[in-house]
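# Coordinate inspection notes
Given next are the chains, with one letter for each unit.
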Amino acid sequence: MAIAKTKVKIKEATSTPQKDIYIKGARVHNLKNVSVVIPRDKLIVVTGVSGSGKSSLTIDTLFAEGQRRYAESLSAYARQFMQRMNKPDVDYIKGLCPAIAIEQKVITRTPRSTVGSMTEIYDYLRLLFARAGKTISPVSGKEVSKDDVADVVKAIEKLTEGDKVVLLVTFKQHAKRSIPEELNILLQKGFSRLYINQELVRIEDLLEMKEADQKKLFKTADSKTSPPAGGGRGVFLLIDRLVAKSFDEDELHRIADSVNTAFYEGEGEMLLEINKAKPLHFSNKFEADGIVFEEPVPNLFSFNNPFGACPVCEGFSQILGIDPDLIIPDKTLSVYEGAVAPWKGEKLGLWKEAFVKAAKKFDFPIHKPIIDLTEKQLADLWEGNAHVDGINAFFREVEQNLYKVQYRVLLSRYRGRTLCTACKGYRLRPEALYVKVGGKHIGQLCELPVKDLYVWFDKLKLSEYDQQVAKRILIEIHHRIKTLLDVGLGYLTLNRLANSLSGGESQRIQLTRSLGSNLTNSLYILDEPSIGLHS
């Protein structure tokens, strides 16, 4: 957008409608038959004292006429659902292009709306993490993945020619069925053999045995081992067996069918034993380290959706709890000087005395101001340790005595809105924060100022496949972040609450939404865009 200082002359003027916007005889509110020529493709500033008719000319005349003309272009059926739009009191307006008005007010007051959701950057981040995010296990730090049929087929194709392969699933006995009943069901399904202690056994032969002998055989085989600790010790259902070679297309289809059957019968798990060595375990469940994870989908990263929102704070990032600023109002005081406000008085002061006496045992500096304590020392003060109870233990005792009115009054003094203890202010359930792109989860990206986020995306390295999948998403994110920087909002973070923005910041965010739509030949009308940014 070209910026030029233009003097708008309020007079009768001749103009070419294709190059300028020509307003003739505007009489809205206190305008007295005003005619004006407004050049296109320039930044025009309308100034004047309060009540001189600035908003009357721009909003109530120019924008109102543009909006009315757009409404008249719609069908009669569509117009019945819209409010009636009166024609502004003006002789005529020529050369008018589509108008977008951005008024001087904060557009939202809901605590759920943030800068990220207003600019739609967060929506694209959700898509990015759903498509290119990697779920990392919090236990081992390894990437969580699930196996599919193609993975098993590839593993078989890579084997040395001549290797003997058996496809197995663990034999599972239903709690209310006997072994003969289970074996008969397998026969009806079309299976003919079990794999017991690395030996093939026909199901028909097992059925001819006495039930006591069956139980003895299954018990000695330790059928509950899954996957086996070593070799193929245990009782398994044989799905298929083959010898590794260069497979043709029909043979690969047959292997894929067998693997499908194995996953179905094994309830998502199967084993591949090669040359009677330790079997390879495959699972099509999204799990690792004994934890079942949620597969990344866009709704998992939405704090406005019950599926993705933190179950404790319900996506608001704050809960009603003990406010640390009320408990320690003056952080320049030490514990000895009475920094902890509730630990005062004859009875409650005993908590302070106990803490001071025990401080020597774990080298806690009781004369050091709270503001200068290390993280470990603060943790000892709040959480306590093996030697003494902390502030949290004090409030747990208070909560146990809430049937007494004095304890209810005490607790009410220190309650306030605090950061959610479960999600740490990220608003999302824990499973969403396990998903990372470039080593960061979506909550950490929302904490970065927009200017730092722009640099982070410039340095982001993805695999070739992920780069192809996220190509369009990254273009949209880059474009919207660049637009925020262009309007001077690089200092904001995406998790900044919309209701905490000034009027000018809110206007400029609305402007980025319009500029981000790539509309051309549009007329943008900003009503006092610097409001709230000066004193």
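So, a few notes on the structure that sits alongside this text. Each residue is numbered by its place in its chain's sequence as written, counting from 1. With pLDDT at 70 or above as the cut-off, local features in this predicted model cover only qualifying residues; side-chain atom pairs require 80 or more to be listed or tallied, and sums for whole chains, interfaces and linings still use all residues. Hydrogens are left out, water is left out, and the side-chain values use all remaining heavy atoms of the structure.

## Here we look at the overall build of the chain
- Scanning the chain from terminus to terminus reveals 20 helices and 17 strands.
- By the compact-globule yardstick of 24 Å for 535 residues, the chain is too spread out, its C-alpha radius of gyration being 35 Å.
- In terms of overall dimensions, the chain has a C-alpha envelope of 110 × 80 × 45 Å along the principal axes.
- Relative accessibility decides the category of a residue: with a 1.4 Å probe and only protein chains considered, values under 20% of the type maximum give buried, values over 50% give exposed, and everything between is partly exposed. Looking at the chain as a whole, 43% of its 535 residues qualify as buried.
- Across the chain, the fraction of contacts at a sequence separation of at least 24, relative to all contacts at a separation of at least 6, is 67%.
- Exposure was quantified through the Shrake-Rupley algorithm and a 1.4 Å probe, taking into account, for residues, occlusion by the shown protein chains and nothing else. For the chain, the computed accessible surface area is about 30400 Å², with 51% contributed by carbon and sulfur atoms. What counts as a helix is a DSSP run of H or I of at least four residues, what counts as a strand is a run of E of at least two, and both are numbered from the N terminus. Atoms considered for the radius of gyration are the C-alpha atoms alone. The globule rule reads 2.2 Å times the number of residues to the power 0.38. Should any heavy atoms of two residues lie within 4.5 Å, those residues are counted as being in contact.

## As for the nonpolar core
- We define a nonpolar core as any set of buried Ala, Val, Leu, Ile, Met, Phe, Trp, Tyr and Cys residues linked to one another through side-chain atoms lying within 4.5 Å. Residues Leu125, Leu128 and Phe457 are the most contacted members of the largest nonpolar core, which totals 44 residues.
- Taken together, the elements giving at least two residues each to this core come down to α3 (115-119), α4 (121-132), α15 (430-433), α16 (442-447), α17 (450-459), α19 (471-486) and α20 (503-515).
- Per element, the largest residue contribution to this core is seven residues, and it comes from α4.
- In contact with Leu128, not counting residues within four places along its chain, are Gly133, Phe457, Ala470, Ile473, Leu474 and Ile477.

## Here's the deal with the sheet that holds strand β9 (residues 235-243)
- Pairing is antiparallel in the open sheet, where six strands are placed in the order β8-β7-β9-β6-β10-β11. Strands with a single pairing partner mark the edges of an open sheet, and in this sheet they are β8 (199-202) and β11 (280-283). Taking each pair of neighbouring strands and ignoring which way they run, the sheet shows an average axis angle of 40°.
- Pairing of strand β7 (residues 193-196) with β8, which is carried by four bridges, proceeds in the antiparallel orientation. Counted as the bridge partner of Tyr195 is Leu200 from β8.
- On the sheet, helix α9 (residues 249-265) packs against β6 (164-170), β9, β10 (269-274) and β11 and is oriented at approximately 170° with respect to β9. Strands were regarded as paired on the criterion that DSSP finds at least two bridges between them. To define axes, lines are fitted to C-alpha atoms, for helices over the stretch in contact only, and angles between the resulting N-to-C directions are given on a 0 to 180 degree scale.

## Focus: the pattern of salt bridges
- Should a side-chain nitrogen of Lys or Arg be within 4 Å of a carboxyl oxygen of Asp or Glu, the pair is scored as a salt bridge. For the structure shown, the criterion picks out 23 salt bridges.
- In this structure, Arg177 engages Glu182 in a salt bridge whose closest nitrogen and oxygen atoms are separated by 3.2 Å.
- The exposure class assigned to Arg177 is partly exposed, which follows from its relative accessible area of 34%.
- One salt bridge connects Lys245 with Glu251, and the closest N-O pair in it is separated by 2.8 Å.

## Comments concerning the state of the cysteines
- The disulfide definition used here is simple: a pair of cysteine sulfur atoms within 2.5 Å. A complete count under the given rule lists zero disulfides for this structure.
- Cys310 forms no disulfide, and the closest cysteine sulfur to it belongs to Cys313, at a distance of 3.8 Å.
- Not engaged in a disulfide, the cysteine Cys420 finds its nearest cysteine sulfur in Cys423; these two sulfurs lie 3.6 Å apart.
- For Cys420, a relative accessible area of 1% corresponds to the buried category.

## Examining the packing of helix α5 (residues 149-157) against α9
- Taken N-terminus to C-terminus, the directions of α5 and α9 make an angle of 125°; their axes are 9 Å apart at the nearest point. On the basis of their axis angle, the class for α5 and α9 is oblique. You can see that α5 and α9 cross each other, and the crossing is right-handed. Contact with α5, carried on its side by Val149, Val152, Val153, Ile156 and Glu157, involves Leu252, Ile255, Ala256, Val259, Asn260 and Phe263 of α9 and no other residues of that element. When an angle is under 35 degrees it counts as roughly parallel; over 145 it counts as roughly antiparallel; between 65 and 115 it counts as roughly perpendicular; any other value is oblique. Handedness of a crossing is defined here by the sense of rotation of the near helix relative to the far one, left-handed for an anticlockwise turn of less than a right angle and right-handed for a clockwise turn.

## Notes on the packing of aromatic side chains
- The rule is short: rings of Phe, Tyr and Trp, with Trp giving its six-membered ring, pair when the centres are within 6.5 Å, and they are stacked under 30 degrees, edge-to-face over 60, tilted in between. Applying the stated rule across the entire model yields 14 aromatic pairs.
- Considering the side-chain rings of Phe129 and Phe301, the 5.9 Å spacing of their centres and the 55° angle between planes classify their relative orientation as tilted. Within this pair, whereas Phe129 is found in helix α4, its partner Phe301 is found in the loop between β13 (291-292) and β14 (318-322), the two being separated by 172 residues in sequence. Accessibility classification places Phe129 together with Phe301 in one group, the buried group.
- Ring geometry for Trp456 against Phe457: centres 5.1 Å apart, planes inclined by 85°, an arrangement best described as edge-to-face.
- With relative accessibility at 15%, the residue Trp456 sits in the buried group.
- Three or more aromatic residues joined by ring pairs form one cluster here, namely Trp343, Trp351, Phe355, Phe362, Phe364, Phe394, Phe395 and Tyr414.

## Describing the environment of Thr119
- With respect to the helices and strands, the residue Thr119 is situated in helix α3.
- Residues within four places of Thr119 in sequence aside, it is in contact with Arg480, Leu484, Ile509, Thr512 and Arg513.
- Any N or O atom pair separated by 3.5 Å or less is treated as a polar contact, with the protein-specific requirement of one donor-capable and one acceptor-capable atom, and with residues adjacent in sequence counted only for side-chain atom pairs. Side-chain polar atoms of Thr119 contact the backbone oxygen of Val115, separated by 2.8 Å.

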